[in-house]
Amino acid sequence: MTEPSALVNLGISEAAAAIRSGATTSLALTEAILARIEQTEPTLQAYATVTADRALAAAERADRELAAGHDRGPLQGIPIGVKDNCYTKGILTEVGSKSLEGFVPDYDATVVAKLYAAGAIVIGKTRCHEWSCGGSDPPTRTPWDLSRFPGGSSIGSGVAMAARSAFGAIGTDTGGSIRIPASINSLVGMKATFGRVSMHGVVPLAWSLDHVGPMTRSVRDNALMLGAMAGHDRQDANSARVAVPDYVAGIDAGAAGARIGIDRGYFLYPGVTDDVRSATEAVIETLASLGAEVIEVSLPELALTREAQMTIRMVESASYHRARIREKGHLYSPGTRATLEIGQVVPAVDYVAALRARERFRVAMQALFQREKLDALISPTIPVPAPLRGAEWQPRQDMGNGETPTDGFVRHVYPANLSGQPALSAPAGFTPSGLPIGYQLTGKPFDEATLYRIARAYEGATTWRERQPPLAYD
Amino acid sequence: MKPMEQPADIERRAAHLKDTARMLGLAIESEQLVALAAQLCVIEALEGAELADAPPILRMDADWHD
């Protein structure tokens, strides 16, 4: 049998193979993850709730099912973390908010139900910023550097994956909240096409920008999870009726022939730090050496995305929260409350203009992809490595124009929320001081498979995923 | 592509937003409302030629290359 300390480092695919070969069991995997949680949580605080007893019982069930020949696929018996904004029947779901203290849903979000159906085990609920927006300061720390901003709002999912206290995790992404913590924690995070994964039972931040997706330590694991999570759902009005392919089937086909655009003027602007710039250029070079064709492109409409995204987010969030704030506003932290209320003052015509700007942007993006026959756009996921905690909202001293690290984050991640295109963040290396750097691929709607294929080719040519954060925190 | 924000427009917008916030009893920092005013000025300036033929919908098609 594999040693417990080694078990937590396995990927989903490897753990699934180990279960089936008899090298381990779901129970052993679950016990190993629980031991890891016990070891790391005092410092890292990735979890809002740990469901140890339920998880152990589910692991025993998974082992019994597999022994009886009932194989649900590679997620069966695999412990995962679920962001605390996803409804989980019988399990606390507080979305980081005092106003939801003690709330226990009586149904599962569709995405959770689908993962259960695939045999996954929920080990716990991962912490998120209050109501999944940036107005609060959760106690979560990244194991890559405790002094650094750990990402958000899927902060616990990112940290749990980096700390090896889950084999996979669910995050949500309205303005980069899967991809930012994925980049900062050296993970693969996928924000799939808008409507690809049901949002039913996921507490909204802004309905027309919200996505839910997988966070993992490898591209293959991510593809496995998305395959289980995706699909049409009548209970979500935005859910797409588009067939879900087998994302793993062509994942090793390589990057040869892929056409990848780079808008250096926008995505490699002066705010990108030298280490992030070199890492991104190195990804581009490696992909070119693997046979991808990298094309210089220019999409001036990218400049519209920040204002349009923020206007839409503000108004939709204000609409969702207005009634609740009337009743329980005193239980919101002041910063979060202001962030969620400010949309009340936006005139309706400006909201509609922002929606129209989004369509203008989407059409321009589509035209670019068609004209250049692109499979993907590439960029750094975020322009800077993780800033010091608290500095994410402070003007950068190296810029002199008042730009904060957060300004840079949104510049790179908002476009895909606005257009609804799939976007994946994956490890691109490390700074000299050991902070992770991520790159982002943005693809055609419903073509997540191509992003996985390109990202897997790059992953196979590098060793980034072998690097681990420090495992002890004294 | 991105229109320049005019200080006078931002000021006008910010004053309206502050009035609205006061009327609704919202405790929002003046600085945030000025930033929002600048944001909305950009959006407003796009109306007309820039947003012609752009309806307020989100359309997800799987056939971008067809």
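Being a predicted model, the structure only gives us computed values, none of them experimental. For every chain, the first residue of the written sequence is number 1, and numbering continues from 1 onward in sequence order. Throughout, the order in which chains and ligands are written sets their labels, letters from A for the former and numbers from 1 for the latter. Residues qualify for local features only when their pLDDT is at least 70, as the model is predicted, and side-chain atom pairs are given and counted only at 80 or more; totals for whole chains, interfaces and linings, by contrast, use all residues.

**Points about the overall build of chain B**
Now for step 1: Helix and strand definitions follow DSSP, with helices as H or I runs of at least four residues and strands as E runs of at least two, each counted in order from the N terminus. A tally of helices and strands in chain B yields two helices and zero strands.
Now for step 2: Atoms counted for the radius of gyration: C-alpha only. Globule rule: 2.2 Å times residue count to the power 0.38. Relative to a compact globule of 66 residues, whose C-alpha radius of gyration would be 11 Å, chain B shows 16 Å and is clearly more extended.
Now for step 3: Along the first, second and third principal axes, the C-alpha atoms of chain B reach 50 × 25 × 15 Å.
Now for step 4: Partly exposed residues are those whose C-beta has more than 12 but fewer than 20 other C-beta atoms within 10 Å; with 20 or more the residue is buried, with 12 or fewer it is exposed, and the C-beta atoms are placed from the backbone. When burial is assessed residue by residue, chain B has 24% of its 66 residues classed as buried.

**Observations concerning the overall build of chain A**
Now for step 1: For chain A, the count of helices and strands is 15 helices and 11 strands.
Now for step 2: For 474 residues, the compact-globule estimate of 2.2 N^0.38 gives 23 Å, and the C-alpha radius of gyration of chain A, at 21 Å, lies within 12% of that figure.
Now for step 3: Judged by the C-alpha coordinates and their principal axes, chain A covers about 60 × 55 × 50 Å.
Now for step 4: Counting over 474 residues, chain A shows a buried share of 59%.

**Notes on the environment of Gly189(A)**
Residue and element names in this part refer to chain A.
Now for step 1: Relative to the assigned elements, Gly189 resides in strand β5 (residues 188-191).
Now for step 2: Residues Gly189 and Val219, spaced 30 residues apart in sequence, show a C-alpha to C-alpha distance of 8.6 Å.
Now for step 3: Placing C-beta atoms from the backbone, we regard two residues as in contact once those atoms come within 7 Å. Not counting chain neighbours up to four residues away, the residues in contact with Gly189 comprise Gly171, Ile178, Arg179, Ala182, Gly213, Met215, Leu424 and Ser425.

**Here we look at the environment of Ala162(A)**
Now for step 1: Here Ala162(A) shows up in helix α6 (residues 155-162).
Now for step 2: Among all residues touching Ala162(A), those that are not within four sequence positions of it are Thr142(A), Pro143(A), Trp144(A), Asn185(A), Ser186(A), Leu187(A) and Pro469(A).

**A few points about the confidence of the model for chain B**
Now for step 1: A residue-level look at chain B finds 95% of positions with pLDDT of 70 or above and a mean pLDDT of 88.
Now for step 2: The ipTM assigned to the predicted complex is 0.93, against a pTM of 0.97. How sure the predictor is of each residue is captured by pLDDT, a score from 0 to 100.

**Some words on the nonpolar core**
Now for step 1: As used here, a nonpolar core is made of buried Ala, Val, Leu, Ile, Met, Phe, Trp, Tyr and Cys residues. They are joined through C-beta atoms within 7 Å. Membership of the largest hydrophobic core comes to 153 residues, with the highest contact counts inside it found for Ile78(A), Ile80(A), Val111(A), Ile121(A), Ile454(A) and Ala455(A).
Now for step 2: Apart from the residues within four sequence positions on either side, Ile454(A) is in contact with Ala255(A), Ala258(A), Leu287(A), Ala292(A), Ala376(A) and Leu441(A).

**Considerations on unusual backbone geometry**
Now for step 1: The linkage connecting Gly152(A) with the following residue, Ser153(A), adopts the cis geometry, with an omega of 0°.
Now for step 2: Looking at the secondary structure, you find Ser153(A) in the loop between β3 (121-126) and α6.
Now for step 3: Here the phi dihedral of Gln45(A) falls at roughly 50°; this positive angle occurs in a residue that is not glycine.
Now for step 4: Here Gln45(A) lies in the loop between α3 (26-44) and β1 (47-50).
Now for step 5: Unusually for a residue other than glycine, Asp53(B) sits at a positive phi of about 65°.
Now for step 6: Among the structural elements, Asp53(B) can be located in the segment after α2 (30-46).
Now for step 7: On the neighbour-count criterion, Asp53(B) (8 C-beta atoms within 10 Å) is exposed.

**Overview of the sheet that holds β5(A)**
All names here are of chain A.
Now for step 1: A pair of strands is labelled paired if DSSP reports no fewer than 2 bridges between them. Overall, mixed pairing links the 11 strands, which are arranged β1-β3-β2-β4-β6-β5-β10-β11-β9-β7-β8 in an open sheet. Looking at the sheet topology across the chains shown, the edges are occupied by β1 and β8 (293-296). With direction set aside, neighbouring strand axes in the sheet form an average angle of 30°.
Now for step 2: In the sheet, β5 pairs with strand β10 (residues 423-430) via three bridges, with the strands oriented antiparallel. Each bridged residue has a counterpart across the sheet, and for Lys191 the counterpart in β10 is Ala423.
Now for step 3: On the sheet, helix α15 (residues 448-460) packs against β5, β9 (376-380), β10 and β11 (436-443) and is oriented at approximately 145° with respect to β11. Each axis is a line fitted through C-alpha atoms, taken for helices only over the stretch in contact, and angles between the N-to-C directions span 0 to 180 degrees.

**Topic: the pairing of strand β6 (residues 212-216) of chain A**
Residue and element names in this part refer to chain A.
Now for step 1: Counting buried residues in β6 gives five out of five residues, a clear majority hidden from the surface.
Now for step 2: Across two bridges, β5 lies against β6 in antiparallel orientation. Of the residues in β6, the one forming a bridge with Val188 is Thr216.

**Notes on α15(A)**
Every α-helix winds through 3.6 residues per turn, so residues three or four apart in the chain are directed the same way.
All names here are of chain A.
Now for step 1: Helices are assigned an expected span. That span is 1.5 Å times one less than the residue count. When the terminal C-alpha atoms of α15 are compared, their 18 Å separation across 13 residues agrees well with the 18 Å that a helix rising 1.5 Å per residue should span.
Now for step 2: Most of α15 sits out of view: 10 of its 13 residues are buried.
Now for step 3: Considered for burial, the residues of α15 that qualify are Glu448, Ala449, Leu451, Tyr452, Arg453, Ile454, Ala455, Arg456, Ala457 and Tyr458.
Now for step 4: Looking at the buried positions of α15, the neighbouring elements they touch are β5, α8 (219-229), α10 (274-289), β9, β10 and β11.

**Details of the packing of helix α11 (residues 305-328) of chain A against helix α12 (residues 334-341) of chain A**
Residue and element names in this part refer to chain A.
Now for step 1: One way to put it is that α11 packs onto α12 with a least axis distance of 8 Å and a crossing angle of 125°. Taken together, the axes of α11 and α12 lie oblique to each other. In this structure, α11 uses Ser317, Ala318, His321 and Ile325 to contact α12, whose residues at the interface are Arg337, Leu340 and Glu341.
Now for step 2: Polarity classes work like this: nonpolar for Ala, Val, Leu, Ile, Met, Phe, Trp, Tyr, Cys and Pro, charged for Asp, Glu, Lys and Arg, and polar for all others, with Gly in that last group. Its residues assigned to classes, the contact of α11 with α12 comprises three nonpolar, two polar and two charged. Should an angle lie under 35 degrees it is considered roughly parallel, over 145 roughly antiparallel, and from 65 to 115 roughly perpendicular; all remaining angles are considered oblique.

**What to know about helix α5 (residues 110-117) of chain A**
Residue and element names in this part refer to chain A.
Now for step 1: If you check which residues of α5 are buried, you get Thr110, Val111, Val112, Lys114 and Leu115.
Now for step 2: If you follow the buried residues of α5, they end up packed against β2 (79-83), β4 (168-172), β6 and α8.
Now for step 3: Among the residues trailing α5, Gly119 stands out with phi positive, at a value near 95°.

**Let's talk about the environment of Gln39(B)**
Now for step 1: Turning to its location among the elements, Gln39(B) is positioned in helix α2.
Now for step 2: Given 22 C-beta atoms within a 10 Å radius, Gln39(B) is considered buried.
Now for step 3: If sequence neighbours within four positions are ignored, Gln39(B) has contacts with Glu307(A), Met310(A) and Thr311(A).

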